[in-house]
Amino acid sequence: MNHYIKNSLWLLVALLGAAALGGIALNRGESINALWLITAAICVYALAYRFYAAWIAAKVLMVDATRATPAELKNNGRDFVPTNKWVVFGHHFAAIAGPGPLVGPTLAAQFGYLPGTLWLLIGAVLGGCVQDMAILFFSTRRNAKSLGQMARDELGAIGGNAALIGTFVIMIILIAVLGLVVVNAMKHSPWATSTVAATIPIAMLVGLYMRNFRPGQVLEASALGVILLLLAVVGGGWIDHHASLRDFFDQEGLILAWGVMIYGFAAAILPVWLLLAPRDYLSTYMKIGTIVLLAVAIILLQPSIKMPAITPFIDGTGPIFGGKLFPFLFITIACGAISGFHALIASGTTPKLLANERDIRLIGYGAMLLESFVAVMAMVAATVLDPGVFFAINSSAGTVGKEAAQAVATISGWGFPVSTAQMDALAKDMGEATLFARTGGAPSLAVGMASIFGSAFGKGMLALWYHFAIMFEAIFILTTLDAGTRVGRFMLQDMLGNIWPKIGQTSWMPSVIFTSALVVAGWGYFLYIGVIDPNGGVAILWPLFGIANQMLAAIALSVATGILVKSGKLKQAWVTALPLMWLTIVTSSAAWEKITSSDIRVGFLAAANDMATKLAAGVLPPDKAAIAPQLIFNQQLDAGLTLFFVVTLWIVIFDMLRVCSRHLAGKAVPPITESPHVPSRLVENWVRD
């Protein structure tokens, strides 16, 4: 009877999800309620976690709850620490959930709400979640080795070394872009800066509380941390209105950049239980709490989606970024569907904290589902805005015009009416001087969130909600930056350990300090250049973020597919091979267009050549001519890095195919490097609650 009831309930979930998906996919010409998007997402996620993820864990990966994990076997109190599964979940989610699930869907809304929403759902359950869970499992079975080191061990010297170098370079670029985004979010924002800064001592207090003051009392520590975090948010608003304190936290970008570099270095060398894990754990409360509050507000308000399902800009003429729906939708929306950065976390810090293999499904698949839901919420927040307002905020002055009247005329001419009075009133409500040309996705997302919160809980607090949303986005990014820096340290130790084994010891303090300093110096250099450049500098590398991220995911899936085939699971290898094929097509197509396109809005080299021609002809304004050489170099650097990434990807893929074909033919290949089975000595105590 119970079995019959359960099956009936899951059938109802499937029917409801199908109805919701059909509603958002087939609806044309009329506004659609945002609840349909939320309902479709929840149903799809529930079905995928209950059935698909459970099948992969049991039949493909074959997780073993009785097997000791690296955290237990190598427990050193610094990097390897058996940790409560919910703390690990919080740390993992906080580390993977950076700007991608917030900014990507917001920018991709220029194509309409439908393409992005479908990719978020399909890409996550079939690609992103599978990648995260598989890499977490394989790294756990290999003493928590990094993705690059696993590639080298399982594929051999050629593909492995290419993956090692490629993933590390991609990592540096990704962290630099994250750093630049968070600096710009906190720049001249005392509220955001003071709140983000307060999370550091709060996290250290919680870490000490759980380890020394009240060991194992996770609920007590969580309650303490949440209370202090809420006080920090309220205190940030008080600081913002206190003259002397406001001046102290009202800093230029360069000072904040140095602060971010110092924080990244500290997060990489301090014991994980003292700063990284509790800080990310607490940040997760703010992230999840805000998203839940947003979901509640949507349920209460039931706003209509005002953006069309599909806009005319699918042809590549969009004002926010150039490029057609394929392949650039799948590059713009990266982290909410599938993200290579997650593979670095899943093979970097998380396996060193995992107390039991049975938690891999929750942490690997479940955390990615939650991130995808965050991205769906971001899509909703962006598309409930009037389309004219959305494009006025996200379109650059160079595209629509510097003057407000010119901008609204251009946007209204596209068929999305907006007025200067409407934009001026909105800016006043949000506590801003202007909202025109606030590009990058973050401001429009904050406006959308504030509008939903204000309509549901009181419009008198719009400015408060807006600045809370900006701070919320900054915390999302910074938690990814600190975990990324630590993972970069592990990756560099793995690489240098092949030359000097001593430096590969992750807990040897001279190696920890040396490699952490090198990693921070790498991304810190690009961050520094980006901050001091009046035109954004390395911010021009942002288009590379999506390409590099998806290529990194393809590398991770190549490693996972190779391991499955070598493990005698050829019939199940499709679970990683299918998303690998799709990502290879998408990333290779996007890279080809970014390198060869003659459209200056798409091609890196085309844009560089166009600016060089104008500079030589003397037709550039003096202010732009002064920085033109730097901009030209950045575009050429983009093209060079794109070529490097795509070549690296294809080397890894071909080497994986070579190893698989040799294995199937019975020829010699690098042996499986899975560590021997050791029974777990942990019992049902606090580490496995």
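Since this is a predicted model, take the numbers as computed values, not measurements.

Caption draft 1: Expanded view of the overall build of the protein chain. The number of helices and strands found in the protein chain is 27 helices and two strands. Rg of the C-alpha trace for the protein chain: 24 Å, near the compact-globule value of 26 Å for 689 residues, within the 12% margin. When the backbone C-alpha atoms are referred to their principal axes, the protein chain occupies close to 70 × 55 × 55 Å. Counting over 689 residues, the protein chain shows a buried share of 59%. Here the analysis covers contacts within the protein chain between residues at least 6 apart in sequence; of these, 82% occur between residues at least 24 apart. For the protein chain, the centre of its 42 positive side-chain charges and the centre of its 35 negative side-chain charges are spaced 10 Å apart.

Caption draft 2: Structural view of the packing of aromatic side chains. Counted under the stated rule, the structure contains 25 aromatic pairs. For the ring pair Phe-111 and Phe-321, a centre distance of 5.5 Å and an interplane angle of 90 degrees mean the geometry is edge-to-face. With a gap of 210 residues between them, Phe-111 in the loop between helix H5 (100-108) and helix H6 (113-140) and Phe-321 in the loop between strand S2 (304-305) and helix H14 (325-332) connect regions that are remote in the sequence. Residue Phe-321 is classed as buried on the basis of its relative accessible area, which comes to 17%. Lying across the ring of Tyr-49, Arg-361 places its NZ or CZ 4.1 Å from the centre.

Caption draft 3: Summary view of the confidence of the model for the protein chain. For the protein chain, per-residue confidence averages 84 on the pLDDT scale, and 93% of positions sit at 70 or higher. Summarising per-element confidence for the protein chain, the mean pLDDT is lowest in helix H18 (residues 397-400) (74) and highest in H6 (96). The low-confidence segment residues 685-689, where pLDDT is below 50, has 18 contacts with residues more than four positions distant or belonging to other chains.

Caption draft 4: Main features of the layout of surface pockets. In this structure, the second largest pocket encloses a volume near 380 Å³. Forming the boundary of the second largest pocket are 18 residues, of which Lys-306, Leu-385, Leu-426, Ser-451 and Ser-455 lie nearest the centre. Elements with a contribution of two residues or more to the lining of the second largest pocket: helix H20 (420-429) and helix H21 (442-457). Per-element tally for the lining of the second largest pocket: the top contributor is H21, with four residues.

Caption draft 5: The arrangement of the nonpolar core in detail. Ranked by internal contacts, the top residues of the largest apolar core, which has 200 residues, are Phe-138, Val-260, Tyr-365, Leu-435 and Trp-523. Top contributing element to this core by residue count: helix H16 (residues 360-383), with 18 residues. In contact with Tyr-365, other than residues within four places in its own chain, are Ala-48, Tyr-49, Tyr-52, Ala-53, Val-125, Cys-129, Val-130, Met-133 and Ile-360. Core analysis: the second largest hydrophobic core is formed by seven residues, Met-611, Ile-627, Leu-631 and Ile-632 among them.

Caption draft 6: Up close: empty space enclosed by the protein. The final tally for this structure, using the stated rule, is three cavities of 30 Å³ or more. If you trace the largest cavity, you find it lined by Ile-96, Gly-98, Pro-99, Gly-100, Leu-174, Leu-178, Cys-335, Phe-341, Thr-480 and Phe-545. Grouping the amino acids of the lining of the largest cavity by side-chain chemistry returns seven nonpolar, three polar and no charged.

Caption draft 7: The arrangement of the pattern of salt bridges in detail. Tallied over the full model, the rule gives ten salt bridges. For Arg-67, the salt bridge goes to Glu-674, with nearest N and O atoms at 3.6 Å. Here the residue Arg-67 occupies a position in the loop between helix H2 (34-61) and helix H3 (70-73), and Glu-674 occupies one in the segment after helix H27 (622-664), the gap between them amounting to 607 residues. Residues joined by salt bridges that share partners form a network here, namely Arg-67, Arg-141, Glu-357 and Glu-674.

Caption draft 8: Representation of a nonpolar patch on the surface within the structure. On the surface, a nonpolar cluster with roughly 640 Å² of combined accessible area is contributed by Tyr-4, Ile-5, Leu-9, Leu-11, Leu-12 and Leu-15. Summarising the element assignment, Leu-11 is placed in helix H1 (residues 2-26). For Leu-11, a relative accessible area of 51% puts it in the exposed group.

Caption draft 9: Geometry of H16. Along its 24 residues, H16 runs 34 Å from first to last C-alpha, staying within 8% of the 34 Å computed at 1.5 Å per residue. At Gly-366, H16 shows its largest bend, some 30 degrees. Among the 24 residues of H16, 23 are classified as buried, and the element is accordingly described as predominantly covered.

Caption draft 10: Examining unusual backbone geometry more closely. Of the consecutive residues Phe-326 and Pro-327, the connecting peptide bond is found in the cis state with omega at 10 degrees. By secondary structure assignment, the location of Pro-327 is in helix H14. With a phi angle near 65 degrees, Ala-144 is a residue other than glycine that sits in the positive phi range. Assignment of secondary structure puts Ala-144 in the loop between H6 and helix H7 (147-155). The backbone of Gln-302 shows a phi angle near 50 degrees, a positive value even though the residue is not glycine. Overall, the relative accessible area of 42% leaves Gln-302 in the partly exposed class.

Caption draft 11: Main features of the environment of Leu-224. Following the sequence through the fold, Leu-224 ends up in helix H10 (residues 218-240). Residues Leu-224 and Phe-249, spaced 25 residues apart in sequence, show a C-alpha to C-alpha distance of 25 Å. For Leu-224, the residues in contact, after removing those within four places along its chain, are Leu-205 and Tyr-209.

Caption draft 12: Focus on the side chain of Glu-154. Looking at where Glu-154 falls in the secondary structure, it is placed in helix H7. What makes Glu-154 buried here is its relative accessible area of 0%. Discounting chain neighbours no more than four positions away, the residues touching Glu-154 are Arg-142, Ile-563, Lys-566, Val-659, Pro-670, Pro-671, Ile-672 and Thr-673.

Caption draft 13: Structural context of the packing of H1 against H6. Remark: H1 packs on H6, axes separated minimally by 9 Å, with the N-to-C direction vectors making an angle of 150 degrees. With respect to their mutual orientation, H1 and H6 come out roughly antiparallel. Taken together, the residues of H6 that come into contact with H1 (itself represented by Leu-21, Ile-24 and Ala-25) are Tyr-113, Leu-114, Thr-117, Leu-118 and Leu-121.

Caption draft 14: Local environment of the environment of Phe-321. In this structure the C-alpha to C-alpha distance between Phe-321 and Gln-110, which are 211 residues apart in sequence, comes to 8.8 Å. Excluding its chain neighbours within four sequence positions, the residues that come into contact with Phe-321 are Leu-107, Ala-108, Gln-110, Phe-111, Phe-328, Thr-332 and Arg-601.

Procedures and definitions
Residues numbered from 1 in each chain as written. Predicted model: local features only at pLDDT ≥ 70, side-chain atom pairs only at ≥ 80, totals over all residues. Heavy atoms only, no water. Helix = DSSP H or I, 4+ residues; strand = E, 2+ residues; numbered from the N terminus. Rg over C-alpha atoms; globule rule 2.2 N^0.38 Å. Buried < 20%, exposed > 50% of the residue type's maximum accessible area, 1.4 Å probe, protein only. Contact = heavy atoms within 4.5 Å. Lys, Arg positive; Asp, Glu negative; His and termini not counted. Charge placed at Lys NZ, Arg CZ, Asp CG, Glu CD. Phe/Tyr/Trp six-rings, centres within 6.5 Å; stacked < 30°, edge-to-face > 60°. Lys NZ or Arg CZ within 6 Å of the ring centre and 35° of its normal. pLDDT = per-residue confidence, 0-100. 1 Å grid on protein atoms, 1.4 Å probe; cavity = no way out; pocket = protein on both sides within 12 Å on 5 of 7 lines; lining within 4 Å. Points joined across faces, edges and corners; volume = space filled by probe spheres on them. Core = buried A, V, L, I, M, F, W, Y, C linked by side-chain atoms within 4.5 Å. Nonpolar A, V, L, I, M, F, W, Y, C, P; charged D, E, K, R; others polar. Salt bridge = Lys/Arg side-chain N within 4 Å of Asp/Glu carboxyl O. Patch = residues over 30% accessible without salt bridge, like charges linked within 9 Å, V, L, I, M, F, W, Y side chains within 5 Å. Areas by Shrake-Rupley, 256 points an atom, 1.4 Å probe, with all protein chains shown as cover. Expected span 1.5 Å × (residues − 1). Bend = angle between axes of the 7 residues up to and from the residue. Axes fitted to C-alpha atoms, helices over the stretch in contact; angles between N-to-C directions. Parallel < 35°, antiparallel > 145°, perpendicular 65-115°, else oblique.

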